[in-house]
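# Per-entry structural report
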Amino acid sequence: MEHHIQDDVNVLIKRRFEEYEELLKKGVQPFKYSFDVNSDSADIIANFKDEEEKREVSVAGRIMTMRRMGKASFAHIQDGRGKIQIYLRQDEIGEEYENFRLYDIGDIIGVEGYVFRTKTGEVSVHARKLTLLTKSLKPLPVPKEVVDENGNKVVFDQFADKELRYRQRYLDLILNPSVRDVFVLRSKIISSMRRFLDQSGILEVETPVLQPIYGGASARPFVTHHNALDIPLYLRIADELYLKRPIVGGFPGVYEISKDFRNEGMDKTHNPEFTMMECYVAYKDYEWMMNFVEEMVGFIVKEVFGTYEFEIEGNMINFKGPWQRISMIEELNRLAETDILKLSDKELIDVVKKFGVEYDGKKSRGKLIDEFFELTVQNKIVQPTFVIDYPVEMSPLAKKHREKAGIVERFEGFVIGREICNAFSELNDPIDQNERFQEQAKAKEMGDDEAQIVDDDFVRALEYGMPPTAGLGIGIDRLVMLLTNQPSIRDVILFPTMKPIKQ
RNA sequence: GCACCCUUAGCUCAGCAGGUAGAGCAUCUGACUCUUAAUCAGCAGGUCGCCGGUUCGAAUCCGGCAGGGUGCACCA
């Protein structure tokens with residue numbers, strides 16, 4: 001659909017277009033090509049000293065407020081690190097002051113001048129030269145800020161409409177500075193994780209997003225079609241089956257940070273595309289991996305936040321290892337006062353019902369134990385904790401415990417009741433793996449559309465022999481949510497999936 | 001997928017015993033060379049999400065649709 005901004009009926013937009021045309025008429029190019037900056041808002045404010053000589057600076061940013069008083073004006077511009085006030089006088093910048101009458105909130109300008117402190121105490125830039133860099137043709141929904149008598153910042157007309165914030169994230173980033181902070185932290189968390197993995201000698205690899213056979217998790221996939229080959233291709237739901245192949249091929253350790261796609265419901269903790277880190281290390285088991293996760297999370301937290309201990313949701317959380325380790329099955333047996341693995345289905349149902357699990361007549365044993373665990377143990381976890389000893393019913397992909405019957409070598413890490421990782425001693429017995437695939441195939445025939453597809457090449461790879469391997473998955477979005485205190489996954493994804501608006 | 005709630009000026013919101021739309025800010029005109037929600041004076045701005053129904057009359061009541069939010073279900 002063709003859209004011409006000058007056809008917009010809104011008076012504010014019309015007005016801006018008129019300003020744009022008038023500037024053109026006066027020979028002002030409203031969209032410049034570059035501008036040299038030698039400072040920014042945070043730098044100017046941090047390094048200002050009253051007694052020192054006037055410091056000449058060149059800064060650029062978006063006009064956020066304007067206070068015009070005839071022949072002098074104040075404005076705030078916002079750059080990548082904050083805001084700085086600009087002071088303009090007609091007698092000093094002459095003709096450019098006339099042009100400034102055609103500038104608006106939202107325009108991006110370059111300012112050259114010297115730093116000073118105003119009568120009211122604000123460090124500002126006294127402009128000697130003003131340059132329009134980009135004319136903004138749409139009005140910005142700018143909030144008003146004021147500091148009340150108690151020193152608290154009060155925001156009026158905040159840009160708070162969640163739909164608009166997600167659909168037009170660029171506005172959210174301009175208008176809500178805390179949003180920018182979250183995405184800076186997200187980037188730091190990921191780069192810190194990558195640094196840790198690289199330093200550990202684990203190789204970053206890339207595996208296909210488009211896959212003829214999807215696998216590695218129980219989930220429904222997105223399907224697409226390749227025209228030249230005339231075949232369906234699936235967007236990956238997990239990296240697991242591909243990442244284990246290079247381990248078979250001889251790499252001692254591989255990892256990938258990538259988007260996975262699952263064609264399922266959306267809510268506070270689920271977006272159809274999300275970022276996952278998966279890591280596989282040869283000759284290691286889940287015990288080793290627990291230590292590795294402790295170190296990695298500690299490393300990230302220390303690097304990004306400068307401390308191991310900080311507050312999340314009102315709790316002081318200490319990420320310095322070693323983390324507490326608890327046995328799921330021991331905790332549940334203690335609560336149930338019996339060995340739940342030895343109970344019949346009916347006995348198990350009766351026990352978990354006493355702890356508040358609702359039974360609708362069709363939950364599997366694994367699901368019942370999982371809910372029992374969530375209600376009684378998981379929700380009470382505050383400090384970083386590893387839960388180990390999962391029943392085999394709940395973990396079809398993990399290797400059976402070397403000693404304990406009915407248990408697999410698996411752990412999950414929790415903080416404040418929230419899962420932050422999932423890891424196994426990986427199943428590397430091709431016969432066992434093939435049997436589990438065949439069971440999934442049967443479930444698929446029975447109508448379970450989340451059952452996994454048989455991947456013969458993966459089984460073949462295991463038949464050549466995969467060394468003992470520890471595997472780990474960390475949902476990056478959820479880790480970022482936890483560490484940045486964000487309530488919804490949409491607050492840590494720049495462009496969360498949204499339904500398009502029908503015309 | 002199910003339930004509940006929301007959608008009024010550019011922004012934030014009021015108006016709902018049904019009587020023909022209102023505030024603050026932003027915009028526009030004018031004044032103002034240290035302001036900071038700048039101030040002062042004046043002007044203007046709306047198919048009340050969309051479609052239909054009830055009614056003499058609907059922003060307001062009813063139904064449907066669209067988009068969004070929250071909770072539940074599904075799912076790591």
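Since the structure is predicted, the reported quantities are computational estimates derived from the model, not experimental observations.

### Observations concerning the sheet that holds strand β1 (residues 56–69)
The strands making up a sheet associate through backbone hydrogen bonding, with each pair oriented either parallel or antiparallel. Taken together, five strands build a closed barrel; the order of strands is β1-β2-β3-β5-β4 and the barrel is mixed. Averaged over all pairs of adjacent strands, the angle between their axes in this sheet comes to 55 degrees, without regard to strand direction. Relative to strand β3 (residues 82–89), strand β2 (residues 72–79) runs antiparallel, the two being bridged by eight bridges. Counterpart to isoleucine 77 in the pairing with β3 is isoleucine 84.

### Considering the pairing of strand β12 (residues 253–261)
Within β12, eight of the nine residues are buried, which leaves the element mostly enclosed by the surrounding structure. Summarising the sheet, strand β8 (residues 203–204) and β12 pair through two bridges and their orientation is parallel. Each residue of the ladder has a partner; that of glutamate 204, found in β12, is tyrosine 255. By the bridge criterion, nine bridges tie β12 to strand β13 (residues 273–282) in an arrangement that is antiparallel. Across the sheet, residue tyrosine 255 finds its bridge partner in β13, namely cysteine 279.

### Brief notes about the pairing of β3
The side chains of a regular strand alternate, residue by residue, between the two faces of the sheet. Summarising burial for β3: six of the eight residues are buried, a large majority. The loop that links β2 with its antiparallel partner β3 comprises two residues.

### Description of helix α13 (residues 430–445)
Compared with an ideal rise of 1.5 Å per residue, which puts 16 residues at 22 Å, α13 spans 22 Å between its outermost C-alpha atoms and is within 8% of the ideal. Residues of α13 that are buried: Pro430, Asp432, Gln433, Arg436 and Phe437. Along the long axis of α13, the arc covered by the buried residues comes to 160 degrees, so they all point the same way. Away from its buried face, by an angle of more than 90 degrees, α13 presents the exposed residues Ile431, Glu439, Lys442 and Glu445. Buried residues in α13 make contact with α8 (240–248) and α14 (456–464). In this structure aspartate 429 caps α13, since a side-chain oxygen of it lies 2.8 Å from the backbone nitrogen of isoleucine 431. One or two residues past the end of α13 sits glycine 447, with phi positive at roughly 105 degrees.

### Focus: the protein's contact with RNA strand B
Among the 47 residues in the neighbourhood of RNA strand B, the closest are listed as Thr120, Ser218, His270, Glu412 and Arg490. For RNA strand B, the fraction of protein-proximal atoms (within 4 Å) that sit in sugar or phosphate groups is 59%. One of the side-chain nitrogen or oxygen atoms of arginine 15 is found 2.9 Å away from a phosphate oxygen of RNA strand B. Glutamine 85 places a polar side-chain atom, nitrogen or oxygen, 2.7 Å from a base oxygen of RNA strand B.

### A look at empty space enclosed by the protein
Following the criterion strictly, the structure yields one cavity of 30 Å³ or more and no others. Space inside the largest cavity adds up to approximately 30 Å³. Every residue along the wall of the largest cavity is listed here: Gln211, Ile213, Gly215, Ala238, Asp239, Glu240, Leu241, Tyr242, Arg245 and Asp455. Take the lining of the largest cavity: its biggest share by element is four residues, from α8.

### Some remarks on helix α1 (residues 11–25)
Here α1 spans 21 Å end to end across 15 residues, near enough to the 21 Å set by a 1.5 Å rise per residue. Buried within α1 are the following residues: Ile13, Arg16, Phe17, Glu19, Tyr20 and Leu23. Down the axis of α1, the sector holding all buried residues measures 155 degrees, keeping them to one side. In α1, the exposed positions that point more than 90 degrees away from the buried face belong to Val11 and Lys25. Residues of α1 that are buried in the fold lie against α4 (95–100) and β5 (123–134). Directly beyond the C-terminal end of α1, a positive phi value near 85 degrees is found at glycine 27.

Reading the values: the criteria
Residues numbered from 1 in each chain as written. Chains lettered and ligands numbered in written order. Predicted model: local features only at pLDDT ≥ 70, side-chain atom pairs only at ≥ 80, totals over all residues. Heavy atoms only, no water. Pairing = 2+ DSSP bridges. Helix = DSSP H or I, 4+ residues; strand = E, 2+ residues; numbered from the N terminus. Axes fitted to C-alpha atoms, helices over the stretch in contact; angles between N-to-C directions. Buried < 20%, exposed > 50% of the residue type's maximum accessible area, 1.4 Å probe, protein only. Expected span 1.5 Å × (residues − 1). Arc of directions from axis to C-beta. Contact = heavy atoms within 4.5 Å. Polar contact = N/O pair within 3.5 Å; in protein donor to acceptor, adjacent residues only side chain to side chain. Near = heavy atom within 4 Å. 1 Å grid on protein atoms, 1.4 Å probe; cavity = no way out; pocket = protein on both sides within 12 Å on 5 of 7 lines; lining within 4 Å. Points joined across faces, edges and corners; volume = space filled by probe spheres on them.

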